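Tertiary structure, described
Letter by letter, the chains look like this.
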Amino acid sequence: MRIVLLGAPGAGKGTQAQFIMEKFGIPQISTGDMLRAAIKAGTPLGLKAKEVMDQGQLVSDDIIIGLVKERISQDDCAKGFLLDGFPRTIPQADAMKDAGVPVDYVLEFAVPDEEIVKRMSGRRVHPGSGRVYHLVYNPPKVEGKDDVTGEELVIRADDEESTVRKRLAVYHEQTAPLIDYYKQEAEAGRTRHYKVDGTQSVEQVSRELTDILS
Ligand code: AP5
């Protein structure tokens, strides 16, 4: 099962990726998490990516395509994978197609921009695992702590409102065209495209995804 999660920043991709990963036993590949790990490790790629991410812009296609190609060639991806945050541009989608990597499901999360701005102010993350929480909608069992490790949760550097608005603008300009791209792929029988109402509760969205993927 090769799945692409498509949606604006904050639409709930990372939250549902954790659910799908556990439910269906396939690895989550989050390009955002990979880049944040490179930043934390202080690698040359991380230093370059930090500047771009802090401004709410996209990291270059070449870098991202290289990262993803390497990751999906690893053994744990043999039975499938879940792409969270990739592809994010038409050239990224084309690169995957040209490399002969099929996509079985494209799951589009629809959430209005203003709802996203509200959500981001309450987001807390566990940097080690990528687990995502929300102060109100999806709180951790113990305030400020990750449910599994008990480690501190943090606020992401790019969750400040002005950066979120920039990321939304970039999404509409560069990533939203992928919706039509994958609709056309679905019409040609090369993938299945489903649009999910991402404003439902976390549990309702998970149930809908389970129905689709089962
Ligand atoms: P990335 O880390 O991929 O961020 P994003 O796509 O902007 O998405 P987010 O992680 O912000 O949101 P999400 O949809 O996962 O929502 P979440 O589940 O957390 O990318 C960061 C940066 O890296 C980019 O800006 C770019 O610079 C770079 N980058 C990454 N990939 C790239 C690529 N392919 N090409 C180029 N550059 C790339 O949910 C958000 C909040 O809402 C949480 O608090 C959650 O608890 C809550 N929530 C979730 N679902 C619900 C619900 N149903 N109801 C209420 N609250 C909910």
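Relevant structure appears above.
Our subject in this report is the structure included herewith.

Parameters at a glance
Residues numbered from 1 in each chain as written. Predicted model: local features only at pLDDT ≥ 70, side-chain atom pairs only at ≥ 80, totals over all residues. Heavy atoms only, no water. Core = buried A, V, L, I, M, F, W, Y, C linked by side-chain atoms within 4.5 Å. Buried < 20%, exposed > 50% of the residue type's maximum accessible area, 1.4 Å probe, protein only. Helix = DSSP H or I, 4+ residues; strand = E, 2+ residues; numbered from the N terminus. Contact = heavy atoms within 4.5 Å. Near = heavy atom within 4 Å. Polar contact = N/O pair within 3.5 Å; in protein donor to acceptor, adjacent residues only side chain to side chain. Areas by Shrake-Rupley, 256 points an atom, 1.4 Å probe, with all protein chains shown as cover. Nonpolar A, V, L, I, M, F, W, Y, C, P; charged D, E, K, R; others polar.

A separate point is the nonpolar core. Counting 49 residues, the largest nonpolar core has Ile-3, Ile-20, Leu-107 and Tyr-182 as the members making the most contacts within it. Among the elements that line this core, the one with the most residues is helix H4 (residues 61-72), at five residues. Sequence-distant contacts of Leu-107, defined by excluding residues within four places in its chain, comprise Ile-3, Val-4, Leu-5, Leu-6, Ile-20, Tyr-194, Leu-209, Ile-212 and Leu-213.

The next subject is the site of the ligand. Residues in close proximity to the ligand total 36 residues, the closest being Thr-15, Gln-57, Arg-88, Arg-123 and Arg-167. Between the ligand and the protein, one listed contact pairs an oxygen atom with a backbone N or O atom of His-134 at 3.4 Å. The fraction of the free accessible surface of the ligand (1,000 Å²) that becomes covered by protein chains is 97%. Of all the secondary structure elements, the ones that give two or more residues to the shell around the ligand are helix H1 (13-24), helix H2 (31-41), helix H6 (113-121) and strand S6 (132-134). Partitioned by chemical class, the residues of the shell around the ligand number 14 nonpolar, 14 polar and eight charged.

Of note, Tyr-182 is situated in helix H8 (residues 177-187). Excluding residues within four positions of it along the chain, Tyr-182 makes contact with Leu-6, Pro-87, Ala-93, Met-96, Val-103, Val-106, Thr-191 and His-193.

With that settled, the discussion passes to the side chain of Asp-158. With respect to the secondary-structure elements, Asp-158 resides in the loop between S6 and helix H7 (161-175). A polar contact of 3.0 Å, which involves the side chain of Asp-158, links it to the side chain of Arg-156.

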